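# Inside the fold
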Amino acid sequence: MRVRCVGAVVRDDRGRLLMVRRGRPPGEGLWSIPGGRVEPGEDDAAALARELREETGLDVEPLALAGTVERPGPCGVVYEIYDYTAAVTGGTLRAGDDAAEADWVPPERIPELPVTPGLVDALVLWGLL
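Residues numbered from 1 in each chain as written. Predicted model: local features only at pLDDT ≥ 70, side-chain atom pairs only at ≥ 80, totals over all residues. Heavy atoms only, no water.

What follows deals with the packing of aromatic side chains. Counted under the stated rule, the structure contains zero aromatic pairs. The positively charged end of Arg-4 is found above the aromatic ring belonging to Tyr-82, 3.5 Å away from the centroid. (Phe/Tyr/Trp six-rings, centres within 6.5 Å; stacked < 30°, edge-to-face > 60°. Lys NZ or Arg CZ within 6 Å of the ring centre and 35° of its normal.)

Pasting the structure below:
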């Protein structure tokens, strides 16, 4: 089974990347960019806005598709993840939903963090890190 997901690559005015530490599987305890499943009836933009609000408390505007990746999930599920660049339009940063933590991370610190598999490679490949 394939599950469509979205993620957001968001930078602040200091160039830091918005990241969340996952509070639940998959990737519990690991840092990643925020995002999640596209629900029935949602397009990617609506799903991205909803997921970012739930996980980070921030309102965002999707900008452009940064790239796509596939990641294995439990019981043979494959997550098809469409990652978009996005800009913050409002809200207050706070961890919520399945995020244990949410923070702005300087790019040079990202390789030092325990991150989800393939995240750094994808961001480098897309010219975002």
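Don't stop here, the text continues.
What follows covers the sheet that holds strand β3 (residues 31-32). Read from one edge to the other, the open sheet built from three strands follows the order β3-β2-β7, with strand pairing classed as antiparallel. In this open sheet, the two strands that pair with only one neighbour each are β3 and β7 (99-105). Where strand β2 (residues 17-22) lies against β3, two bridges are found, and the strand directions are antiparallel. By the bridge assignment, Arg-21 is partnered in β3 with Trp-31. Strands in contact with helix α1 (residues 44-56) are β2 and β7; relative to β2, the strand with the most contacts, it is inclined by about 65 degrees. (Pairing = 2+ DSSP bridges. Helix = DSSP H or I, 4+ residues; strand = E, 2+ residues; numbered from the N terminus. Contact = heavy atoms within 4.5 Å. Axes fitted to C-alpha atoms, helices over the stretch in contact; angles between N-to-C directions.)

We now examine the pattern of salt bridges. Counted by the stated rule, this structure contains eleven salt bridges. We note a salt bridge from Asp-44 to Arg-4, for which the minimum N-O separation is 2.7 Å. Taken together, the residues span a long stretch of sequence, with Asp-44 in helix α1 and Arg-4 in strand β1 (residues 2-10) at a distance of 40 residues. We classify Asp-44 as buried; its relative accessible area is 11%. Glu-54 is the partner of Arg-50 in a salt bridge, and the nearest nitrogen-oxygen pair spans 3.3 Å. Note that Arg-50 and Glu-54 are positioned in helix α1 at a spacing of four residues, about one turn of the helix. Judged by its relative accessible area of 29%, Glu-54 is partly exposed. (Salt bridge = Lys/Arg side-chain N within 4 Å of Asp/Glu carboxyl O. Buried < 20%, exposed > 50% of the residue type's maximum accessible area, 1.4 Å probe, protein only.)

Right, let's get into the UniProt feature "domain: Nudix hydrolase" (unreviewed entry) in the chain. The positions that UniProt labels "domain: Nudix hydrolase" (unreviewed entry) are, in the present scheme, residues 1-129. Span residues 1-129 is 16% helix and 43% strand, its end C-alpha atoms 31 Å apart. (UniProt positions renumbered as here; feature names shortened; annotations may be inferred.)

The subject of this paragraph is the side chain of Thr-56. Looking at the secondary structure, you find Thr-56 in helix α1. On the basis of relative accessible area, Thr-56 is assigned to the buried category, the value being 0%. Within polar-contact distance, the side chain of Thr-56 engages the backbone nitrogen of Leu-58 at 3.2 Å. The residues touching Thr-56, leaving out its near neighbours within four places in the chain, are Leu-18, Val-20, Pro-34, Thr-92, Leu-93 and Arg-94. (Polar contact = N/O pair within 3.5 Å; in protein donor to acceptor, adjacent residues only side chain to side chain.)

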